[in-house]
Amino acid sequence: MKSTMGKEMEVWFVWLVRLMFLGLFLMAGGMLFRAWAIAIRKDARYVADWRGRKIGEGNTWATIVLLVNAFCGLGLLGVGISVLLLGLELTTWMSLAAFVLWTYYFVLQLAFQRAKHLSP
C-alpha cells in the first residue's frame, strides 16, 4: 500500500517543475525586452547588471549588455522550445537553463566590475 505522503510530494514536485519551466519563458522575455530597449529605443536605463545597477557610462557598455541579454534570452527561449519539441529530460533542460543563467550573471558581473574599475 503506497502512502499518500509520497503521492502528495510527487504532485507538488510536478507543479514546481511546471512553474520553473514557465519561468524560463518569463526570464527570456525580460532579457529580450532589455536587448530590444537598448538596441531600438536606445534606452540606457537597461544598461545594467542583473540587480539593476548601472554599468558604467550607458553608451560605452550598451553593446556588451545588449549582446549578453540577446544571447542569453535566446538561449533560454531555445531551451524552453527544445523541451516542447524534443522532450528534453528534466536534468538536461535544467542544466542548460542553469548554464545560461549563470553565464548571464557572471558576464554582467564582470562588465559591472570592469566598468567600475575603468571609471575615474
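Look up: the structure comes first, before these words.
Rules used in this analysis
Residues numbered from 1 in each chain as written. Predicted model: local features only at pLDDT ≥ 70, side-chain atom pairs only at ≥ 80, totals over all residues. Heavy atoms only, no water. Salt bridge = Lys/Arg side-chain N within 4 Å of Asp/Glu carboxyl O. Buried < 20%, exposed > 50% of the residue type's maximum accessible area, 1.4 Å probe, protein only. Helix = DSSP H or I, 4+ residues; strand = E, 2+ residues; numbered from the N terminus. Polar contact = N/O pair within 3.5 Å; in protein donor to acceptor, adjacent residues only side chain to side chain. Contact = heavy atoms within 4.5 Å.

Asker: Hey, could you run me through the pattern of salt bridges in this one?
Answerer: Here the idea is simple: oppositely charged side chains can pair when their charged atoms come close. In this structure the tally under the stated criterion is three salt bridges. For Asp 43, the salt bridge goes to Arg 41, with nearest N and O atoms at 3.1 Å. When its relative accessible area of 39% is taken as the criterion, Arg 41 is described as partly exposed. For Asp 49, the salt bridge is made with Arg 53, and the minimal N-O distance between the two is 2.6 Å. It is possible to trace a salt-bridge network through shared partners that takes in Arg 41, Asp 43 and Arg 45.

Asker: I tried to follow the side chain of Asn 69 on my own but got confused; where do I start?
Answerer: Counting through the fold element by element, Asn 69 comes out in helix 2 (residues 58-86). Here Val 65 takes part through its backbone oxygen, which lies 2.9 Å from a polar atom of the side chain of Asn 69. Discounting residues that sit within four places of it in the chain, Asn 69 has contacts with Met 31, Leu 32, Arg 34, Ala 35 and Tyr 104.

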